Amino acid sequence: MPSNPIEIQIKSLRKKIEELNYQYYVLDDPSYPDSHYDKLINELVLLEQNNPEFITNNSPSQRVGGQALSSFSRITHLTPMLSLDNVFDSDSFNKFYERISSKLGNGHSLKFTCEPKLDGLAISCVYKNGNLIHAATRGDGRIGEDVTHNIKTISSIPLKLRGDFPDLLDVRGEVFMPKASFEKLNKNAIENGDKVFVNPRNAAAGSLRQLDPKITAQRKLSVYFYALGVAEFGNEQAGSNIAQEGYENIQEKLDHYLANSHFERLKQIQSWGLPICNEVELRSDDIACLEYFKEIGDKREQLPYEIDGIVYKIDSILEQKKLGFVAKAPRWAIAHKFPAQEEITILKDVDFQVGRTGAITPVARLEPVFVGGVMVSNATLHNKDEIDRLDIRVGDYIVVRRAGDVIPKIVNVVLDKRNNNTSPIIFPKKCPICQSDLEKETDQAIYRCTGGLICSAQKTQSIIHFVSRKAMNIDGLGDKLVEVLCENNLIDNVADIYQLSKENLIDLERMAEKSANNLLLAIEKSKQTSLAKVIYALGIREVGEVTAMNLANNLLDFKNIANSSLEDLEKIEDIGPIVAKHIVAFFKNKNNLQVINSLIDFGIYWPKIQPKDESELPLLNQTWVLTGSLSQLKRADAKTLLQLLGAKVSGSVSKNTNCVVAGESAGSKLTKANDLGIKVITEDEMLMIIESFKNVKPSVEQ
DNA sequence: CTACCTCGAGCTCA
DNA sequence: CTCGAGGTAG
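Attention here is on the structure that accompanies the text. (Residues numbered from 1 in each chain as written. Chains lettered and ligands numbered in written order. Predicted model: local features only at pLDDT ≥ 70, side-chain atom pairs only at ≥ 80, totals over all residues. Heavy atoms only, no water.)

1. Quick notes on the protein's contact with DNA strand C
What surrounds DNA strand C is a group of 21 residues, the closest being Arg-74, Gly-139, Arg-469, Gly-476 and Leu-481. Close to the protein, within 4 Å, the atoms of DNA strand C are drawn from sugar and phosphate at a rate of 85%. At 3.3 Å, a side-chain N or O of Arg-201 approaches a sugar or linking oxygen of DNA strand C. One nitrogen or oxygen atom from the main chain of Gly-478 is found 3.4 Å from a phosphate oxygen belonging to DNA strand C. Those elements that provide at least two residues to the surface near DNA strand C are strand 4 (121–128) and helix 14 (479–487). Ranked by the residues each element gives to the surface near DNA strand C, the list is headed by helix 14, at three residues. (Near = heavy atom within 4 Å. Polar contact = N/O pair within 3.5 Å; in protein donor to acceptor, adjacent residues only side chain to side chain. Helix = DSSP H or I, 4+ residues; strand = E, 2+ residues; numbered from the N terminus.)

Next comes the structure, spelled out in C-alpha cells:
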C-alpha cells in the first residue's frame with residue numbers, strides 16, 4: 001500500500017473517475033453530472049502535474065491526450081480480424097440459415113445473438129493483466145495501425161479492466177461517433193470556419209488517424225465491443241484459438257472460464273468493464289432474427305448512433321467452431337444490411353476513358369448527389385451493353401445506389417421524368433483519343449482501341465502502370481506528373497523515364513530544384529528491382545502481380561520468359577491458352593523488345609533467381625498431414641505452401657508421418673497421430689514455421 | 001468511389 | 001496557403 005498521502009489521493013481519485021466512467025458507459029447510468037466528472041479529472045491532472053512521479057500510463061488523466069506521435073506504427077493482431085459476409089434481403093438470409101442449419105444438421109432451431117451493425121471502424125484492444133496495452137485498426141485483417149494514443153482518449157474505453165478478467169485479452173469493437181457529437185462537432189466547425197465532416201463514420205475515422213491525440217480527445221468518440229479475439233486465463237487458452245484439442249477438452253475449459261454462448265460472453269466482456277451495445281438480443285430462430293431486423297430498422301432514426309444493418313451470430317460457440325470459416329469470414333455469422341440508399345440525380349454527360357489496355361469505359365458524370373453518406377458525382381457505366389440495358393440518355397433522371405457502402409451504381413432511368421432535352425449516348429466508333437478503330441471480341445462486352453502505343457491515352461496509362469507502387473515503384477511519380485511529362489513530350493515510353501534530366505524537369509509547374517532531385521533519385525532507386533516486378537510493370541495483358549510472380553519463379557530468367565512458346569507457358573500454374581497468347585504476342589512485338597532493351601541499357605537490373613536446390617527445401621523428405629478445418633488458409637493453399645518447402649503432403653497418418661497440422665474439429669487423424677506419438681501442431685504454428693523459412697531463404701539481393 | 005490525414009514542396013504575399 | 005502523392009478506411 002502506498003504510504004505517501006499524495007499518492008493515496010491520486011489513487012483514490014483515479015478509482016472514483018474509473019467508477020464514474022463505468023457507471024456512465026457500461027451500466028448506462030449517469031449518476032453524476034458531467035461537471036462532477038470534469039472536476040475530478042481536473043483535480044487529478046493538476047495533482048499529477050505537480051507530482052509527475054506518480055503518473056502511470058493507464059491513469060484516466062491520459063484521456064485528455066498525451067504527446068503527439070511522429071508516425072503510426074503497425075501491430076500484428078493476435079488473431080486475424082475477419083470481415084463478415086453480407087446479405088441485403090431476407091431471402092438471402094433464409095438461404096444462409098438453411099445452409100448452416102443443414103450443415104449443423106441437429107434438427108433444432110438455431111439461436112442467434114442479434115446486434116446492430118454500427119457504422120464506424122473496427123478496432124482491437126489488447127489488455128494484459130487488466131491494463132490496456134495497445135489498440136489497433138483492422139488494417140488488412142492481419143496487421144493494423146497502432147492507434148493506442150487516440151483510443152486512450154475515448155472515455156468509454158476502460159484503461160483498466162475490472163472483475164474476473166482474463167490475463168490476456170484481445171477484444172474487438174467498433175469505434176463510432178454518436179450522431180449528437182457529430183452534429184455538435186460540425187456546428188462548431190461551421191462557426192469557426194473549419195472544415196465539416198461529411199458523415200459520422202468519416203469523422204470517427206479521421207479522428208482516429210490523428211497523430212496528435214489532443215485533437216482526438218476533443219472529438220467525442222464512443223465504442224461498443226462485440227467479440228472476443230483472444231482470452232487467456234493463466235497459461236491456458238480459452239479463446240477462439242483452441243485448435244488441437246477434442247471437443248470435450250474445449251468444453252471443459254469453456255465451462256471453466258467462458259460461456260458457450262456468444263451472448264453470455266458479451267455479458268462477460270461487459271462485466272470486465274467494456275461497454276456493449278444495449279440493443280443486443282438473443283433470438284431463438286430465423287423468424288425471430290428477421291423480427292429483430294424489423295424492430296431495429298423501425299427505431300434506426302431514433303438510435304443515437306448510425307448503423308447500417310444487423311449482425312446475426314450463431315450463439316453457441318461450439319456450433320460456431322463446427323461451422324468454421326470461409327476465406328476471411330466466419331460461416332456462423334452474417335451481416336444483414338439495410339436496403340442500400342438510393343437517390344435521384346441527372347446524368348450530365350458521359351466520358352469515354354481509354355485504359356492501359358485500350359479498353360473503352362464509359363463514365364457517367366452526374367449532378368453531384370448525396371447518397372449513402374457521400375457525394376457521388378461519377379459512376380461507371382461499364383460498357384456498351386450496360387448503356388443499352390439501362391436505355392439511358394444524357395439528361396435523364398437516374399437512380400443512383402450505393403450498395404455495399406462502396407461503389408455507386410446506376411440502377412435505372414426514371415422514364416416518367418424523361419423530357420425532350422435528353423440526347424442519346426453515342427458510343428464512339430473510333431478511339432476518342434487517337435481515332436484508331438475499335439474492336440470487340442465476340443462474346444466480350446469491352447470495346448478496345450486498336451491504336452496500341454500510338455494512342456496517347458494507352459501510352460500514358462501504361463506508363464502510370466509502370467511506375468506504380470506494385471510495379472517499378474517510383475516514389476513521387478504519380479498519375480498527374482506522368483500526364484504532364486507525356487503532354488510535354490518529355491517521355492514517350494517507359495524507358496524514356498530513365499533519361500529524364502534535371503533540366504527537363506525544372507521548367508515544369510510545381511517542379512523546382514528539390515522536387516526534381518527527389519524524383520531523379522527515386523527513378524535511380526527504382527532501377528534495382530525484381531524480375532517479377534519488371535514483368536508486371538510491362539503491362540502485358542492478363543498478366544497481373546500473381547501471374548508475373550508465377551512466370552518469374554517458373555522460368556527464372558527474362559530470356560526464358562520472352563522466348564517461351566505457348567506450350568511452355570501453358571504448363572505454368574494459372575496460365576491458360578489466352579494468357580499464353582498475350583505473353584507470346586507481347587514479346588513478338590518489335591517495339592516492345594526495343595523498349596525492353598533500352599530499359600536494360602539504362603541499367604534496370606534484378607537479382608538472378610536461383611533454381612531451388614535441396615538446401616532451400618527445409619522440409620524435404622518429410623511427410624505432413626493436414627486435418628480438421630483450417631481457418632486462415634484454404635486446405636489447398638496450405639498444401640502448396642508446404643510443398644514449396646519440399647514436404648510431401650499426404651492424406652493419412654502413418655508411422656512415416658513427420659507432422660500433423662490439426663485445424664478446428666480435427667477427428668480420427670488427430671487421434672491416430674496422438675496414438676503414434678507424432679508431432680501435432682496448430683494452424684498458427686504451421687504458419688509460423690512457413691514464415692520462418694521464408695526469412696532464411698538464401699538472400700538473392702544485389 | 002469518396003473521404004480523410006499527413007507530408008513535402010512550391011507559390012504567394014507581406 | 002495550395003497541390004500532389006501516398007496511405008487508410010469502408
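2. Looking at the protein's contact with DNA strand B
The immediate surroundings of DNA strand B are formed by 22 residues, with Lys-195, Leu-211, Lys-514, Ser-515 and Asn-518 found nearest. When atoms of DNA strand B within 4 Å of the protein are sorted by moiety, sugar and phosphate together comprise 89%. In this structure, Met-375 approaches DNA strand B through a main-chain N or O atom, which is 3.1 Å from a phosphate oxygen. Between DNA strand B and Arg-510 there is a distance of 3.4 Å, counted from a phosphate oxygen to a backbone nitrogen or oxygen. Within the residue set of the surface near DNA strand B, elements represented by two or more residues are helix 6 (200–208), strand 17 (374–380) and helix 16 (513–526). Considering each element in turn, the surface near DNA strand B owes the most residues, five residues, to strand 17. Partitioned by chemical class, the residues of the surface near DNA strand B number ten nonpolar, eight polar and four charged. (Nonpolar A, V, L, I, M, F, W, Y, C, P; charged D, E, K, R; others polar.)

3. So, helix 18 (residues 545–555)
Buried within helix 18 we find Thr-547, Ala-548, Asn-550, Leu-551, Ala-552 and Leu-555. Just past helix 18, the residue Leu-556 takes up positive phi, approximately 65°. (Buried < 20%, exposed > 50% of the residue type's maximum accessible area, 1.4 Å probe, protein only.)

4. Structural notes on the side chain of Asp-315
Locating Asp-315 in the fold gives a position in the loop between strand 11 (307–314) and helix 11 (317–323). No salt bridge is formed by the buried Asp-315; the nearest opposite charge belongs to Lys-111, separated by 5.0 Å. At 2.7 Å, the side chain of Asp-315 and the side chain of Thr-113 are in polar contact. (Lys, Arg positive; Asp, Glu negative; His and termini not counted. Salt bridge = Lys/Arg side-chain N within 4 Å of Asp/Glu carboxyl O.)

5. Description of the layout of surface pockets
Taken as a whole, the second largest pocket holds about 1400 Å³ of empty space. Together, 48 residues line the second largest pocket, and Tyr-25, Ser-155, Ser-181, Lys-220 and Leu-221 are the ones closest to its centre. Where the lining of the second largest pocket is concerned, the elements lending two or more residues are helix 1 (5–26), helix 2 (34–50), helix 5 (179–192), helix 7 (213–218) and strand 8 (222–233). Element by element, the count of residues in the lining of the second largest pocket is highest for helix 5, at seven residues. (1 Å grid on protein atoms, 1.4 Å probe; cavity = no way out; pocket = protein on both sides within 12 Å on 5 of 7 lines; lining within 4 Å. Points joined across faces, edges and corners; volume = space filled by probe spheres on them.)

6. Things to note about a nonpolar patch on the surface
Taken together, the side chains of Val-198, Phe-370 and Met-375 make up a nonpolar region of the molecular surface, amounting to roughly 290 Å² of accessible area. Relative to the helices and strands, Val-198 is located in the loop between helix 5 and helix 6. Of the residues examined, Val-198 reaches a relative accessible area of 40% and is grouped as partly exposed. (Patch = residues over 30% accessible without salt bridge, like charges linked within 9 Å, V, L, I, M, F, W, Y side chains within 5 Å. Areas by Shrake-Rupley, 256 points an atom, 1.4 Å probe, with all protein chains shown as cover.)

7. What about the pattern of salt bridges?
Considering all chains together, one arrives at 24 salt bridges under this definition. In this structure, Arg-14 engages Glu-48 in a salt bridge whose closest nitrogen and oxygen atoms are separated by 2.8 Å. Of this pair, Arg-14 sits in helix 1 while Glu-48 sits in helix 2, and the two are 34 residues apart along the sequence. Overall, the relative accessible area of 9% leaves Arg-14 in the buried class. Judged by its relative accessible area of 3%, Glu-48 falls in the buried class.

8. As for the sheet that holds strand 11
Consider a sheet: its strands pair through backbone hydrogen bonds, and that pairing is either parallel or antiparallel. Reading across from one edge, 2-14-11-3-10 is the order of the five strands in this open sheet, with mixed pairing throughout. Whereas interior strands pair on both sides, the edge strands pair on one side only; in this sheet they are strand 2 (86–87) and strand 10 (281–283). Strand direction decides the pairing type here: strand 3 (residues 112–118) and strand 11, joined by seven bridges, are antiparallel. Counterpart to Cys-114 in the pairing with strand 11 is Tyr-312. Those strands touched by helix 3 (residues 90–104) are strand 2, strand 3, strand 11 and strand 14 (333–337), and its axis lies near 170° from that of strand 14. (Pairing = 2+ DSSP bridges. Contact = heavy atoms within 4.5 Å. Axes fitted to C-alpha atoms, helices over the stretch in contact; angles between N-to-C directions.)

9. Considerations on unusual backbone geometry
Excluding glycine, residues mostly have negative phi values, and the peptide bonds linking residues are mostly trans. Positive phi, close to 55°, is recorded for Asn-473, a residue that is not glycine. Its place among the elements puts Asn-473 in the loop between helix 13 (456–467) and helix 14. If you check the backbone angles, Glu-542 has positive phi at about 70° while not being a glycine.

10. Focus: helix 1
An ideal rise of 1.5 Å per residue puts 32 Å on 22 residues; helix 1 measures up with 31 Å between its terminal C-alpha atoms. Within the span of helix 1, buried status applies to Ile-10, Leu-13, Arg-14, Ile-17, Leu-20, Asn-21, Tyr-22, Gln-23 and Val-26. Tucked into the core, helix 1 has its buried residues touching helix 2 and helix 9 (262–271). Looking at the residues trailing helix 1, positive phi occurs at Asp-28, about 60°. (Expected span 1.5 Å × (residues − 1).)

11. Quick notes on empty space enclosed by the protein
As enumerated under the stated definition, the model contains two cavities of 30 Å³ or more in all. Quantified by volume, the largest cavity comes out at close to 50 Å³. Lining the largest cavity are Thr-153, Ile-154, Ser-155, Thr-216, Ala-217, Arg-219, Lys-220 and Leu-221. Within the lining of the largest cavity, the residues separate by chemical class into three nonpolar, three polar and two charged. When its volume is computed, the second largest cavity comes out at roughly 40 Å³. Lining the second largest cavity are Val-534, Phe-558, Ile-596, Leu-599, Ile-600, Ile-604 and Trp-606. Here the element with the most residues in the lining of the second largest cavity is helix 22 (residues 590–601); it accounts for three residues.

12. With respect to the pairing of strand 14
Of all five residues in strand 14, five are buried; the element is thus mostly enclosed. Here strand 14 shows a buried face lined by Ala-333, Ala-335 and Lys-337 and a second buried face lined by Ile-334 and His-336. The pairing of strand 2 with strand 14 spans two bridges and is parallel. Bridge pairing in strand 14 places Val-87 opposite His-336. Judged from the five bridges that link them, strand 11 and strand 14 form a sheet pairing that is antiparallel. When the sheet's bridge partners are listed, Val-311 is paired in strand 14 with Ala-335.

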